[in-house]
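Chain residues, written in single-letter form:
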Protein chains: 2
Amino acid sequence: MSQLGLLPRRAWTALLSQLLRLPCSSCIQAVRCHSQGTRDLSPQQMVVREKILDLVVSCFKRHGAMGMDTPAFELKEMLTEKYGEGSGLMYDLKDQGGELLSLRYDLTVPFARYLAMNKVKKMKRYHVGKVWRRESPTIVQGRYREFCQCDFDIAGQFDPMIPDAECLKIMCEILNGLQLGDFLIKVNDRRIVDGMFAVCGVPESKFSTICSSIDKLDKMAWKDVRHEMVAKKGLAPEVADRIGDYVQCHGGVSLVEQMFQDPRLSQNKQALEGLGDLKLLFEYLTLFGIAEKISFDLSLARGLDYYTGVIYEAVLLHTPTQAGAEPLSVGSVAAGGRYDGLVGMFDPKGHKVPCVGLSIGVERIFNIVEQRMKTFGEKVRTTETQVLVATPHKNFLQERLKLIAELWDAGIKAEMLYKNNPKLLTQLHYCESTGIPLVVIVGEQELKEGVVKIRSVASREEVAIKRENLVAEIQKRLSES
Amino acid sequence: MSQLGLLPRRAWTALLSQLLRLPCSSCIQAVRCHSQGTRDLSPQQMVVREKILDLVVSCFKRHGAMGMDTPAFELKEMLTEKYGEGSGLMYDLKDQGGELLSLRYDLTVPFARYLAMNKVKKMKRYHVGKVWRRESPTIVQGRYREFCQCDFDIAGQFDPMIPDAECLKIMCEILNGLQLGDFLIKVNDRRIVDGMFAVCGVPESKFSTICSSIDKLDKMAWKDVRHEMVAKKGLAPEVADRIGDYVQCHGGVSLVEQMFQDPRLSQNKQALEGLGDLKLLFEYLTLFGIAEKISFDLSLARGLDYYTGVIYEAVLLHTPTQAGAEPLSVGSVAAGGRYDGLVGMFDPKGHKVPCVGLSIGVERIFNIVEQRMKTFGEKVRTTETQVLVATPHKNFLQERLKLIAELWDAGIKAEMLYKNNPKLLTQLHYCESTGIPLVVIVGEQELKEGVVKIRSVASREEVAIKRENLVAEIQKRLSES
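Residues numbered from 1 in each chain as written. Chains lettered and ligands numbered in written order. Predicted model: local features only at pLDDT ≥ 70, side-chain atom pairs only at ≥ 80, totals over all residues. Heavy atoms only, no water.

Q: Would you explain the packing of aromatic side chains in this entry?
A: Two aromatic rings, taken as a pair, are described by how far apart their centres are and by the angle between their planes. All names here are of chain A. Taken as a whole, this structure holds 16 aromatic pairs over all chains when the rule is applied. Judged by centre distance (6.1 Å) and plane angle (35 degrees), the rings of Phe60 and Tyr126 are tilted. Taken together, the positions of Phe60 in helix α2 (residues 43–62) and Tyr126 in strand β4 (residues 123–132) put the pair 66 residues apart, joining distant regions of the chain. Under the relative-accessibility criterion, Tyr126 is labelled buried at 8%. Through successive ring pairs, a cluster of aromatic residues spans Phe60, Tyr126 and Phe152. (Phe/Tyr/Trp six-rings, centres within 6.5 Å; stacked < 30°, edge-to-face > 60°. Helix = DSSP H or I, 4+ residues; strand = E, 2+ residues; numbered from the N terminus. Buried < 20%, exposed > 50% of the residue type's maximum accessible area, 1.4 Å probe, protein only.)

Q: Any chance you could explain the relation of the copies chain A and chain B here in plain terms?
A: The two copies are related by a screw operation: chain A maps onto chain B through 180 degrees of rotation and 0.0 Å of translation along the axis, at an RMSD of 0.1 Å. Both chain copies can therefore be described as sitting about a two-fold axis. The residues that chain A uses at the interface reappear at the interface of chain B in 100% of cases, marking a shared surface. (Least-squares fit on C-alpha atoms with pLDDT ≥ 70 in both. Contact = heavy atoms within 4.5 Å.)

Q: Which parts of the structure should I look at to understand the side chain of Ser299(B)?
A: All names here are of chain B. With respect to the element layout, Ser299 can be found in the loop between β8 (294–297) and β9 (310–318). Taking the relative accessible area as the measure of exposure, Ser299 reaches 14% and is therefore buried. In this structure, Ser299 is in contact with Ile214, Leu217 and Val247, ignoring residues within four places of it in sequence.

Q: Explain the sheet that holds strand β14 (residues 438–441) of chain B to me, please; I cannot follow it from the model alone.
A: Each strand in a sheet pairs with another by means of backbone hydrogen bonds, the pair being arranged parallel or else antiparallel. Residues and elements named next belong to chain B. What the five strands build is an open sheet, ordered β13-β12-β14-β15-β16; its pairing is mixed. Either end of the sheet is taken by a strand with one partner, and the two such strands are β13 (414–415) and β16 (462–466). The pairing of strand β12 (residues 387–390) with β14 spans four bridges and is parallel. If you follow Val387 over to β14, its bridge partner there is Leu438. Against the sheet, helix α14 (residues 397–409) touches β12, β13, β14 and β15 (451–456), its axis set at about 160 degrees to β12. (Pairing = 2+ DSSP bridges. Axes fitted to C-alpha atoms, helices over the stretch in contact; angles between N-to-C directions.)

Q: I would appreciate a short explanation of the domain arrangement of chain A in the present structure.
A: Many authors give the size of an interface as the accessible area that is lost as the parts come together. According to the domain assignment, chain A contains domain 1 (43–376) and domain 2 (387–480). Just the C-alpha atoms count here: the centres of domain 1 of chain A and domain 2 of chain A sit 53 Å apart. (Domains from an automatic or database assignment.)

Q: Is there a simple way to explain the nonpolar core in this structure?
A: The tendency in soluble globular proteins is for nonpolar side chains to be buried as a group. Of all hydrophobic cores here, the largest spans 107 residues; its most connected members are Phe60(B), Ile185(B), Phe197(B), Ile243(B), Phe296(B), Tyr312(B) and Ile360(B). Looking at this core, the element that brings in the most residues is helix α5 (residues 162–177) of chain B, giving nine residues. Residues in contact with Ile243(B), not counting those within four places in the same chain, are Met196(B), Phe197(B), Cys200(B), Val202(B), Ile210(B), Ile214(B), Trp222(B) and Leu235(B). Formed by 106 residues, the second largest nonpolar core is a distinct cluster that contains Ile154(A), Cys172(A), Ile174(A) and Met229(A). (Core = buried A, V, L, I, M, F, W, Y, C linked by side-chain atoms within 4.5 Å.)

Q: Looking at this structure, how should I read the UniProt feature "binding site: L-histidine" (unreviewed entry) in chain A?
A: Residue and element names in this part refer to chain A. Residues annotated in UniProt with the feature "binding site: L-histidine" (unreviewed entry) correspond here to Asp106, Leu107, Thr108, Arg133, Gln149, Asp153, Arg302, Tyr306 and Tyr307. As for its placement among the helices and strands, Asp106 is situated in the loop between β3 (101–103) and α4 (108–117). You can call Asp106 buried: its relative accessible area is 3%. Dropping the residues within four chain positions of it, Asp106 is found in contact with Tyr83, Val131, Arg133, Gln149 and Tyr306. Here Tyr307 is to be found in the loop between β8 (294–297) and β9 (310–318). With a relative accessible area of 9%, Tyr307 lands in the buried category. Ignoring any residue separated from it by four or fewer positions in sequence, one finds Tyr307 in contact with Arg190, Arg302, Gly336, Gly337, Arg338 and Tyr339. (UniProt positions renumbered as here; feature names shortened; annotations may be inferred.)

Q: Sorry, what's going on with the interface of chain A and chain B here?
A: Each partner contributes to the interface: chain A provides 83 residues, whereas chain B provides 83 residues. Inspection of the chain A/chain B interface yields 14 salt bridges. One salt bridge connects Glu50(B) with Lys61(A), and the closest N-O pair in it is separated by 2.9 Å. For the pair chain A and chain B, the number of links is 38 residue pairs in polar contact (both at pLDDT 80 or more). Here the side of chain A that touches chain B takes eight residues from helix α14 (residues 397–409) of chain A, the largest share from any one element. Its residues assigned to classes, the side of chain A that touches chain B comprises 37 nonpolar, 18 polar and 28 charged. (Salt bridge = Lys/Arg side-chain N within 4 Å of Asp/Glu carboxyl O. Polar contact = N/O pair within 3.5 Å; in protein donor to acceptor, adjacent residues only side chain to side chain. Nonpolar A, V, L, I, M, F, W, Y, C, P; charged D, E, K, R; others polar.)

Q: Just checking my understanding: could you explain the pairing of β16(B) for this structure?
A: The two faces of the sheet receive side chains in turn, since in a regular strand these alternate between them. All names here are of chain B. Direction of pairing for β15 relative to β16: antiparallel, over a ladder of five bridges. Within β16, the position partnered with Ile454 by the bridge is Val463. Following β15, the chain reverses through five residues before pairing antiparallel with β16; Arg460 in that reversal takes a positive phi of roughly 65 degrees.

Q: So what exactly am I meant to see when it comes to the packing of helix α5 (residues 162–178) of chain A against α14(B) here?
A: Relative placement of two packed helices is described by the angle separating their axes and the distance separating the axes. For the pair α5(A) and α14(B), interaxial distance at closest approach is 12 Å and the crossing angle is 25 degrees. By the angle class used here, α5(A) and α14(B) are roughly parallel. α14(B) is crossed by α5(A), and the crossing has right-handed handedness. Contacts between α5(A) and α14(B) pair Ile162(A), Glu166(A), Lys169(A) and Glu173(A) from the former with Leu397(B), Leu401(B), Ala405(B), Trp408(B) and Asp409(B) from the latter. Taken together, the residues of the contact of α5(A) with α14(B) break down into five nonpolar, no polar and four charged. (Parallel < 35°, antiparallel > 145°, perpendicular 65-115°, else oblique. Left-handed = near helix turned anticlockwise from the far one by under 90°.)

Q: Is there a simple way to explain the pattern of salt bridges in this structure?
A: Opposite charge on two side chains lets them pair, provided their charged atoms get close. All names here are of chain A. Under the criterion given, the structure shown has 79 salt bridges over all chains. The shortest N-O distance in the salt bridge between Glu462 and Lys453 comes to 3.7 Å. Residue class for Lys453 comes out partly exposed when judged on its relative accessible area of 27%. Here the salt bridges share partners, and the residues they tie into one network are Asp189, Arg191, Lys269, Glu273 and Asp277.

Q: How should I be thinking about the pairing of β12(B) in this particular structure?
A: Residues and elements named next belong to chain B. Judged by which residues are buried, β12 turns out to be covered on both faces: Val387 and Val389 on one side and Leu388 and Ala390 on the other are all buried. Bridge count between β12 and β13: two bridges; the pairing is parallel. Bridge pairing in β13 places Leu388 opposite Glu415. You can see the chain leave β12, run along α14 and come back into β13, and the turn it takes is right-handed. (Right-handed = clockwise from strand over helix to strand, strands pointing away.)

Q: Mind showing me how you'd approach unusual backbone geometry here?
A: Most peptide bonds adopt trans geometry, and most residues besides glycine take a negative phi value. Residues and elements named next belong to chain B. At Gln179, a residue that is not glycine, the phi angle is positive and equals roughly 55 degrees. Note that Gln179 resides in the loop between α5 and β6 (183–189). In this model, Arg460 sits at a positive phi of 65 degrees, which is unusual for a non-glycine residue. Tracing the chain through its elements places Arg460 in the loop between β15 and β16. Residue Arg460 is classed as exposed on the basis of its relative accessible area, which comes to 56%.

Structure representation (structure tokens):
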């Protein structure tokens, strides 16, 4: 499988444990955040992104996904009431005549709108694009108001859990490929969450808001979440405690079996359906060889309103420093789930298209990788130039222009300094500072003899070759390196 | 040089002349335009775009450019008064608290803002991204309110015309690579345009609006442009006629020489500067071997306010059907110019950074290529899947899951149908309709013998190979094909 290959796996894993123990403030990037909560991406950042996105997209393509794109803005009415508590964070466009528009908040709702609008019943697609949310920008956590999402989704009526298992396989392949260190994927099912609420005695009108509280368990302690549910959301304390017993459970397929036997949960039809699907899912994950990466976790709830079945979230772990200590979660880097009702909300007749998908938290991954490279003092080349066309003499602009055009026409990546008479030292320094490996040098002597010199920047060796063999010689050297 | 390679060059050139004679309505794409003037991009369209953008970006990289990105929206005040008559077409965001924001209108102004904000004095960058304009969507011309731009710019103080000549070289390389047929690049200089206005007697207050009228000469006849200038913009008829004499001139470097001798134009300092630069430019273009593609055209004005020096625009030509007929221009597919004052507008102290750049009209190019493919009935594969894992028997889901995970882990692009017991015929049809070249088949007999069958979809040949050699055998076949 392709890997990022910026650093050897072991070095990265070791570094991660170090990094994750640093106070958060050290993770602040040296990027100017605009007053509007967005930022520019420098050439250095673009190189890192390009490598990570290439790896992600090539995994999506390996699983047979097609690309597609939707506009940055949608009709406002299309987006409302799809995101639960997040809906207030949508960017609206000013009413300049015409329909009311909002910037997209994720890529999932536009995908569902696309399927319904084009009456597509079956599709496996990926989508890489920007989304916008009016959140308080918390730069420490690498959150901006504009960010990139990478989604993979499978739409269509299929046999249970086969596409769902593939989504988890994809998450594993990507997280392995990126070499981010150990990770774990928590899974649960919305029907189990709802069933759990029902048997614990949560009134149905409070399901959605209690679900939002539970969703905070990866960032808040149980006692604080309990306080929010009881004091702020008016849940009876004994109900909260019953939930507490469940949400502290996590484990493998044996926990699924155990929950089948749970005296309260086993009375709930929805929960039983969810448990049955999870059991089948674990069977497929075992065949895929990834079951040990997956943890059935009753505290996983996922904030978005549109999920209807299995849900999952991948977190990076850092190796405990002391034996026996609990692995510490460092935040979600990928997540997703099944949403069988969303497409039907956009269809005039309510025709449903079941869907399951995942989103890779690439912004968080970009930050981790950038931070590591900074710690290691690792530099990336921001250009791919292979050859600098240079001269030691004055009045050689014409020769340089003729030479470089020949190289470009042969597909060779070449630059020259935009000066009539640059100094040779300036030209060689430019190669060293930007990482250009070869210099083609033409001067009086060379011109007279019908040759050019090729200089290796690393070894400083120079050889003269016939002018007419230049392109072939450079191509030979580049193919060898 | 890399080429698109969807069709042989000759076939394309021939087709283009045909296509361009069809009435415009036949160019309407079978794409649903949303009421908001935007559209979704289907997987077929994405494949074409990906190929074209790959070619464009690899040319930018060949010339040593770095990538970068800026946010979709900017502070409104940053964008106002940069675009001349286009400013009214900006999308504003609703005031939801905080600064007033607008969606970006092009990639050039954000680039200039980036340079000034980060005090960058020198940079060669490319940027591929979406921009938004509230124009009446004219689908016939392939214009939408959201569209993609591909820009390349060189910022910095260099010796005259060297970066400018490289921009024209890049336009030639890209248009040659895309095999769009014959093209011509018109060049002029804003200082020549202004000088021409001055010596013809246009009042300085009318320079900008008369410039906009002149810019329409590629779509309107001279007499209509003259009417607009005289009747609507209040220009004296004799002034208009003097302009008319100039804007009908176009030619090569000899026209530059001729204009140096022009009794009126040669009296204008600005015009002389522009002519001097054009002369030098043609010298460099000759060394690059592209001078015959370039036409000095006094009717070229370019609408945007920020240009200060050389300006250019590439148009596709279609071969005249009758000998001696004038080549017919079919619209701009790339354009750009020099803007030495824009960065200074963003710098608190007004420090200038001279810039020159170009923008490839990729939306127009996408439309031309899509239209050609439709005419030829050419299909593109929307996935890259190499292998389908199939079975002729019931209850082979487990085997298929194990097999496909092995292929994915080896980096092989593989799919399977998401059914417990799909029919073999359905599986083979899926390969044919989606272009998958190989099928791996596992059934009862194969399982018993420890083999799998590999079937070539094209030849229908099947061979049994040992199960443990599967990955190696597939990799061998894929590397050979």
